[in-house]
Amino acid sequence: MPRTRHAVSLAALAVALTTGHAAAAPTTPEARAAALVARMTTDEKIALVHGHFPMFTKGKPAGMTLHAGYIPGIPRLGIPDLQESDASLGVANAGRGPTDDATSLPSGLALAATFDPEIAYAGGAMIGKEARQKGYNILLAGGVNLVREPRNGRNFEYLGEDPLLAGTQAGASIKGIQSNHIVSTIKHYALNAQETGRHVANAVIDPAALQESDLLAFHIAIEAGRPGSVMCAYNKVNGLYACENGPLFDILKKDWGYKGWVMSDWGAVHSAEAALTGLDQESGQELDKQAYFDAPLKADLASGKIPMAKLDEMVTRIVYGLAANGVLDHPVAAGGLDTAAEGVVAQRAAESAIVLLKNTGDVLPLAKSARNILVVGGHADIGVLSGGGSSQVVPVGSTKFKPPSWAPSWGGGMIYQPSSPLAAIRALAGGATVTYDAGTDPAATAAAAAKADLVIVFAAQWATEGSDVSLTLPDGQDALITAVATANPKTVVVLETGGPVLTPWIDKPAAVLEAWYPGSRGGEAIARVLFGEVNPSGRLPVSFPTSEAQLPRPKLDGDPTAPESLDPTKGQPPFDVHYTEGAEVGYRWYEKTAAKPQFSFGYGLSYTRFSYSGLKVSGGKTLRATFTVTNSGKRAGIETPQVYAAGEGRTLRLVGFTRVALKPGERRTITIEADPRVLATFDGAAHRWRPAKGRYAVTVGPAAGQAVLTGAGVLP
Ligand code: BGC
């Protein structure tokens, strides 16, 4: 008998092992979350739905270090402490010492400019790896707010003006982060389109237009990246705070079936009742008026105002997000970084992101025969500029400058990351003499420029969270560029900007590169593009206007000079921003208003030439465009063909894109299928999507509004 019993139990064990204990322990993230929540006390549940901002936490518990967020775990149930770090462009470390190494990717707009989800994935995977090694399991990454407002101080964290491009890149980056068994957020849900008055602004928009623009970007990214958490924004949307916005949360959770949790932005919660609308977790409670999801929530549960089932749902969503991403099974453990290897990822991204805006007479790539090169301005002797705020990454060896007076008081200064373009140019310039001139005396610099064989002017625009920017380059840099390029027409301008800027001097220099904030290895990336070791292939993810008058709102709403305040009774009074352009954001707006931007969305030159031929468009389930791209120049290069479609009476939409590497003379026939979500229309009255139908004009080319091939397709 005992032998039989033993045999039976072994057989049961074998079944359990091969099925992963299917019978005994829940295996799906849903079942694991439900089982864990069933074992929690009410206090344990409440502890999971509100988190700290460690910098302001009094009596810090053990395990809390100075980063963005901390929520104690439940060790008896195997739920680790939630250690949250900002990570839009790298593991942010503004609050810690300069010895805290971290690798900085180029800015979000730069990642978008690669038009390459594989590069976005690699960048995310790199950040996630560093985060694990630094002991973080939740990254506050995934900024996907559309660039509706080119002056938005946080555009550098975002991914451009088009929902398909932004959603695709955000999804890939989030997937890369989460491949490290940690959670990434996606943020800021939704319409945090300007920093001016971000705590008091009410974004007013037609709900259907919102679906076809900003929400579409979120939806595409959530489907592709499956982020464990969504961060709601500070601002109001159509009268309701984004963090207590039932209609927005219903779209996310009911219409899209999102199963993870919604965390608030830091200081974005205004009541415990926000839980009833769909907010699952209060973050950085020290920044709210009170810790609403602590005692007030407990009181509401006791009085029955908030049902216990609601709390269970909130906690289940949190634990689901952790379980689905391996946070419960793969505890993070701090360990040594390999910043050299990680720098390679950052450099590749920067090299793929730099956009060649102008190249008259093929002045670029630089001939190694130039004997006497003058490098001007932009602190090119020190490093490359980066954007300020919570996403700030401060690699070892960075230099801090005093920020301008309009910067928020809590900011950490203007950080130049330690990758000197000047040093990198010298390294590649052969035996040429490379001289540096800070550009502080334009007349003297112009005199020096006149004597040089070639001049490279670095022009920088700093942007930061908490403020918006002017589109005019600061500190007289327009005049400097004009003076230098007038003195020496063989002038190359390298822009390091947070987003689009005005270029009133555009006719003067021979060449212009947009290098964005190029990250930890930005100097090397810029030099390699200048000397042709890398053929530029970046494309603009945002239109560059000729002037502010071309924008839907020529003047920014609110008072950009008012200091930021989390308290709506202090700071500037509440105001509305009317997004009357609706879904006609960016290039769609230019088409609608028949205006010509300075540089179009999708635009970017190469050191080689490409030609397009043989477009065939077919309809059916979706539009399909087949065409051939040929490298008709003399160098290997990468082209980014873009397919746009316009339904009757509607503006262009980017419906697909790809990157194709071609050797000289090589051609490739490409088929791009339109993403049906971009072609569909949202019926606001019926609150549902109407699939694309009818005749669509299809254009193929290297930028919006640059239709090299045209065709049409019908969807029945
Ligand atoms: C920002 C978020 C950030 C959070 C935590 C907020 O001010 O808007 O993007 O994740 O702070 O640092």
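Residues numbered from 1 in each chain as written. Predicted model: local features only at pLDDT ≥ 70, side-chain atom pairs only at ≥ 80, totals over all residues. Heavy atoms only, no water.

Asker: Explain the environment of R668 to me, please; I cannot follow it from the model alone.
Answerer: Position of R668 relative to the elements: it lies in strand 26 (residues 667-673). With 618 residues separating them along the chain, R668 and H50 place their C-alpha atoms 54 Å apart. Dropping the residues within four chain positions of it, R668 is found in contact with F627, T628, V629, V660, A661 and L662. There is a polar contact of 3.2 Å between the side chain of R668 and the backbone oxygen of A661. Side-chain polar atoms of R668 contact the side chain of E666, separated by 3.3 Å. (Helix = DSSP H or I, 4+ residues; strand = E, 2+ residues; numbered from the N terminus. Contact = heavy atoms within 4.5 Å. Polar contact = N/O pair within 3.5 Å; in protein donor to acceptor, adjacent residues only side chain to side chain.)

Asker: Help me understand helix 6 (residues 163-178), please; the structure alone is not making it clear to me.
Answerer: Working note: α-helix, 3.6 residues per turn, so residues spaced by three or four point in the same direction. For helix 6, built from 16 residues, the straight-helix expectation of 22 Å at 1.5 Å per residue is met to within 8% by its first-to-last C-alpha distance of 22 Å. Across the 16 residues that make up helix 6, a large majority, 14, are buried. Taking the backbone nitrogen of L164 as reference, a side-chain oxygen 3.0 Å away marks D162 as the first, capping residue of helix 6. (Expected span 1.5 Å × (residues − 1). Buried < 20%, exposed > 50% of the residue type's maximum accessible area, 1.4 Å probe, protein only.)

Asker: Is there a simple way to think about the packing of aromatic side chains in this case?
Answerer: Both the distance between ring centres and the angle between the ring planes are used here to describe each pair of aromatic rings. Tallying each qualifying case throughout the model produces 15 aromatic pairs. Measuring from ring centre to ring centre gives 5.5 Å for F401 and Y416, while their planes differ by 85°; the resulting arrangement is edge-to-face. On the criterion of sequence distance, the pair formed by F401 in strand 13 (residues 399-401) and Y416 in strand 14 (residues 414-417) is long-range, its members being 15 residues apart. Y416 gets classed as buried once you look at its relative accessible area, which sits at 2%. With a centroid separation of 5.4 Å and 20° between ring planes, the pair formed by F599 and Y603 is classed as stacked. The pair formed by F599 and Y603 is uniform in burial state, with each residue classed as buried. (Phe/Tyr/Trp six-rings, centres within 6.5 Å; stacked < 30°, edge-to-face > 60°.)

Asker: What's the story with the state of the cysteines in this structure? I'm lost.
Answerer: Where two cysteines share a covalent bond between their sulfur atoms, that bond is called a disulfide. Throughout the structure, instances matching the rule amount to one disulfide. In this model, C232 is linked to C243 through a disulfide, with the two sulfur atoms separated by 2.1 Å. The sign of the 110° torsion about the S-S bond sets the C232-C243 disulfide as right-handed. Pair noted here: C232 is in strand 6 (residues 229-232) and C243 is in the loop between strand 8 (240-241) and helix 9 (246-255), with a separation of 11 residues, a long-range link. (Disulfide = S-S within 2.5 Å.)

Asker: What am I meant to see in the layout of surface pockets here?
Answerer: Empty space left among the atoms is revealed by rolling a probe the size of a water molecule over them. Size it by volume and the second largest pocket reaches roughly 670 Å³. The wall of the second largest pocket is formed by 31 residues, among which M414, A460, P474, D475 and Q477 lie closest to the centre. When residues of the lining of the second largest pocket are traced back to their parent elements, those giving at least two are strand 14, strand 16 (454-460) and helix 16 (477-487). Residue composition of the lining of the second largest pocket, by class: 17 nonpolar, 10 polar and four charged. (1 Å grid on protein atoms, 1.4 Å probe; cavity = no way out; pocket = protein on both sides within 12 Å on 5 of 7 lines; lining within 4 Å. Points joined across faces, edges and corners; volume = space filled by probe spheres on them. Nonpolar A, V, L, I, M, F, W, Y, C, P; charged D, E, K, R; others polar.)

Asker: What should I look at first to understand the site of the ligand in this one?
Answerer: Of all residues adjacent to the ligand, which total 13 residues, the nearest are D86, R154, H188, Y234 and D265. A distance of 2.8 Å separates an oxygen atom of the ligand from a polar side-chain atom of Y234. Separating an oxygen atom of the ligand from a side-chain N or O atom of D265 is a distance of 2.6 Å. Of the residues assigned to the shell around the ligand, the class counts are five nonpolar, two polar and six charged. (Near = heavy atom within 4 Å.)

Asker: I keep staring at the sheet that holds strand 26 and nothing clicks. Help me out?
Answerer: Neighbouring strands of a sheet are bound in pairs by backbone hydrogen bonds; such pairs are parallel or else antiparallel. Here three strands make up an open sheet; going across it, the order is 20-21-26 and the pairing antiparallel. One side of each edge strand has no neighbouring strand; the edge strands of this open sheet are strand 20 (610-618) and strand 26. Strand-to-strand twist of the sheet, defined as the mean angle between neighbouring strand axes without regard to direction, takes the value 20°. Judged from the seven bridges that link them, strand 20 and strand 21 (residues 624-631) form a sheet pairing that is antiparallel. Of the residues in strand 21, the one forming a bridge with S618 is R624. (Pairing = 2+ DSSP bridges. Axes fitted to C-alpha atoms, helices over the stretch in contact; angles between N-to-C directions.)

Asker: Would you mind showing me how to read the pairing of strand 17 (residues 491-496) here?
Answerer: When a strand is regular, its side chains alternate between the sheet's two faces. Across the six residues that make up strand 17, a large majority, six, are buried. Burial of strand 17 is two-sided: the residues T491, V493 and L495 facing one way and the residues V492, V494 and E496 facing the other way are all buried. In terms of strand pairing, strand 16 meets strand 17 through six bridges, oriented parallel. Residue pairing in the sheet places V455 in a bridge with T491 of strand 17. Handedness of the crossover is the feature at issue here: the chain leaves strand 16, passes through helix 16, returns alongside strand 17, and the resulting connection is right-handed. Strand direction decides the pairing type here: strand 17 and strand 18 (residues 511-514), joined by four bridges, are parallel. What sits directly across from V493, in strand 18, is V512. (Right-handed = clockwise from strand over helix to strand, strands pointing away.)

Asker: Explain the nonpolar core to me, please; I cannot follow it from the model alone.
Answerer: Among soluble globular proteins, nonpolar side chains are generally buried collectively. Core analysis: the biggest nonpolar cluster contains 134 residues, and Y189, F293, L297, V319, L322 and F627 have the highest contact counts within it. Per-element accounting of this core gives the leading share, eight residues, to helix 12 (residues 308-324). The residues contacting Y189, other than those within four sequence positions of it, are L215, F218, V230, M231, C232, A233, A242, L248, F249, I251, L252 and W256. In terms of nonpolar packing, the next biggest core, distinct from the first, is built from 35 residues, A350, A525, V529 and F531 among them. (Core = buried A, V, L, I, M, F, W, Y, C linked by side-chain atoms within 4.5 Å.)

Asker: Is there a simple way to think about the packing of helix 15 (residues 442-451) against helix 16 in this case?
Answerer: For any two helices packed against each other, the geometry is given by the interaxial angle and the distance between the axes. Two numbers describe how helix 15 lies on helix 16: the axes approach to 8 Å, and their chain directions differ by 25°. With respect to their mutual orientation, helix 15 and helix 16 come out roughly parallel. Pair helix 15 / helix 16 crosses with right-handed handedness. Only L480, A483, V484 and A487 of helix 16 make contact with helix 15, whose side of the interface consists of P442, T445, A446, A449 and A450. Taken together, the residues of the contact of helix 15 with helix 16 sort by class into eight nonpolar, one polar and no charged. (Parallel < 35°, antiparallel > 145°, perpendicular 65-115°, else oblique. Left-handed = near helix turned anticlockwise from the far one by under 90°.)

Asker: Sorry, what's going on with the sheet that holds strand 14 here?
Answerer: Across the sheet, which stays open at both edges, the three strands sit in the order 12-14-13 with antiparallel pairing between neighbours. The sheet is open, and its two edges are formed by strand 12 (384-385) and strand 13, each paired on a single side. Of the pairings in the sheet, the one linking strand 12 to strand 14 comprises two bridges and is antiparallel in character. Residue pairing across strands places V384 opposite Q417, the latter belonging to strand 14.

Asker: I keep staring at the domain arrangement of the chain and nothing clicks. Help me out?
Answerer: Buried accessible area, meaning the area lost when the parts come together, often serves as the stated size of an interface. On domain assignment, one finds that the chain holds domain 1 (24-324), domain 2 (354-530) and domain 3 (610-715). For domain 1 versus domain 2, the distance between C-alpha centres works out to 35 Å. Counting residues at the interface gives 33 residues for domain 1, matched by 28 residues for domain 2. Put simply, domain 1 and domain 2 have two salt bridges between them. Across the domain 1-domain 2 interface, the total number found is 12 residue pairs in polar contact (both at pLDDT 80 or more). Among the elements that take part in the side of domain 1 that touches domain 2, helix 4 (residues 108-113) stands out by supplying three residues, more than any other. When grouped by side-chain class, the residues that make up the side of domain 1 that touches domain 2 number 13 nonpolar, 12 polar and eight charged. (Domains from an automatic or database assignment. Salt bridge = Lys/Arg side-chain N within 4 Å of Asp/Glu carboxyl O.)

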